[in-house]
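# Per-entry structural report
One-letter residues, chain by chain:
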Amino acid sequence: MQISKDMLIGELVQMHEAVAPMLMKAGMHCLGCPSAQSESLEEACMVHGIDCDTLVENMNQVLAAL
């Protein structure tokens, strides 16, 4: 399972139980918001001032280790 920055938040949260805590730790605390569900990871990162490439890399490393 690979995460990419064009994936939707709603899609990511359903992908694996470890994804939501990783996003919240990165500063995305509005995962349950209806508008967040249809937002891409890249869009959400821009809104929250997060480096998307670094987040994607870190999340993929964590998921690969599970």
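Here, the structure is the one placed above.
Not measured: the values here are computed from a predicted model. (Residues numbered from 1 in each chain as written. Predicted model: local features only at pLDDT ≥ 70, side-chain atom pairs only at ≥ 80, totals over all residues. Heavy atoms only, no water.)

### With respect to helix α2 (residues 19-26)
Buried within α2 are the following residues: Val19, Ala20, Met22 and Leu23. The buried residues of α2 occupy an angular sector of 165° when the element is viewed end-on, so they sit on one face. Against α1 (9-15), α4 (41-48) and α5 (52-65) lie the buried residues of α2. Looking one or two residues beyond α2, the residue adopting positive phi is Gly27, at roughly 115°. (Buried < 20%, exposed > 50% of the residue type's maximum accessible area, 1.4 Å probe, protein only. Helix = DSSP H or I, 4+ residues; strand = E, 2+ residues; numbered from the N terminus. Arc of directions from axis to C-beta. Contact = heavy atoms within 4.5 Å.)

### Section: the nonpolar core
If you look at the biggest cluster of nonpolar residues, it comprises 20 residues, and the most contacted ones within it are Ile3, Ile9, Val19, Leu23, Met28, Leu41 and Leu55. Those elements giving two or more residues to this core turn out to be α1, α2, α4 and α5. Take this core: its biggest share by element is five residues, from α5. Apart from residues lying up to four places away in sequence, Leu55 is in contact with Leu23, Ala26, Met28, Leu41, Cys45 and Ile50. (Core = buried A, V, L, I, M, F, W, Y, C linked by side-chain atoms within 4.5 Å.)

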